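Working through the structure, step by step
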Amino acid sequence: MALVKEEFFSIARKIVSNMTTESWNNIPHATLTYEADVTSLLNEYKRINENCTDKTKKITINTIMIKIICEGLKAAPKMNTHLHFNKKLVRGTLKYFDNIDVSMPMILPSGEMMTVNMHDMGNKTLTEMTTAINDSARRAKNSNMDEVMFEVSLDNTLKGLKHGKIVQTLRRLYGSKMPGKHMVKNLSGSEKRKYYSIPTKDRLTKHDIEQGTTTISNLGSIYREQKGACALLEIIPPQTTAFAINSTQKRPTVVTDKNGRDIIDIRMIMPITIAIDHRALDYGDVVPFMRKLDQIFANPSVIHNWK
């Protein structure tokens, strides 16, 4: 067996690997799949962009699904929380929020994947959500993501020192700043001055990368030919939930016709994977969320009220 290539982690990959490792080491994940019948919803979706000629203003199905999940979270506020848990003392505190800040993975112009915090999505209209997502994509084009992630890493390091995590902080500094193949290099000199001369309204900052109140990933947008559904996804602490929107798939489904008879029909099904932190939530806490989604998919014309 011959070694073909060695690839050393970038700062972005280091942060992701550290956070996901923390997630699986500390969080007892519990998952379930909600199979959304989006047949009628897709018909309403076609209508919502009927008079829109500007492609940048068109509302996507991704935006509508994020809005639907946000509406579900409003009905189940316990799912929109942060957990602070002391394992040694077995003490836990759940922090509730009035806003729903969605951590949303986004493909950058470089082809890299980065999770961006879409602030206050629960209170935005579909049009406002579309504007916010497009603006984040615009600012990402002007952003050096290694520099943004360095800001995030530095902020996390300072917070670690503040909370007495001295050993962990020293290890991180050693791992990222010691000269060698694993050294993290950020901008310096004229390049750094030039980059930071870009107004913050035109580039991403640590404010755009900070933790949201939940995470929503759209796997279906990455691979529309997907069959099945995501089985596991990580919850990023201190969040207590994570969601994966899967691709729309044709499925034979039992439905009730206008005469009250059960028949088998070909329907468009979009599975939604739901992960919860079992330290903070039980499956019963997810029921209000699913009931809200039941209402929306049974009466999908409601999306026009959100525009």
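This report concerns the structure included in the present document. (Residues numbered from 1 in each chain as written. Predicted model: local features only at pLDDT ≥ 70, side-chain atom pairs only at ≥ 80, totals over all residues. Heavy atoms only, no water.)

Here the focus is the overall build of the protein. Summing up its helical and strand segments, the protein has 10 helices and nine strands in all. Counting over 307 residues, the protein shows a buried share of 41%. Taking the intrachain contacts of the protein between residues at least 6 apart in sequence as the baseline, contacts between residues at least 24 apart amount to 69%. Carbon together with sulfur atoms contributes 54% to the accessible area of the protein, which is approximately 17800 Å² in total. (Helix = DSSP H or I, 4+ residues; strand = E, 2+ residues; numbered from the N terminus. Buried < 20%, exposed > 50% of the residue type's maximum accessible area, 1.4 Å probe, protein only. Contact = heavy atoms within 4.5 Å. Areas by Shrake-Rupley, 256 points an atom, 1.4 Å probe, with all protein chains shown as cover.)

We now examine unusual backbone geometry. Going from Pro237 to Pro238, the amide bond is cis rather than trans, its omega being 10°. Tracing the chain through its elements places Pro238 in the loop between α9 (219–222) and β7 (241–245). One non-glycine residue, Val90, lies in the positive phi region at around 50°. Residue Val90 is classed as exposed on the basis of its relative accessible area, which comes to 64%. For Asp120, which is not glycine, the phi torsion reads 55° and is therefore positive. One can find Asp120 in the loop between β5 (113–118) and α4 (126–141).

This part takes up the nonpolar core. Counting 60 residues, the largest nonpolar core has Ile68, Met79, Ile274, Phe289 and Phe297 as its most contacted members. No other element matches helix α3 (residues 61–75), which puts seven residues into this core. Beyond its immediate sequence surroundings of up to four residues, Phe297 is in contact with Tyr34, Ala36, Asp37, Val38, Leu41, Met65 and Ile68. Ranked by size, the runner-up nonpolar core spans seven residues in total, among them Cys230, Leu233, Ala244 and Ala275. (Core = buried A, V, L, I, M, F, W, Y, C linked by side-chain atoms within 4.5 Å.)

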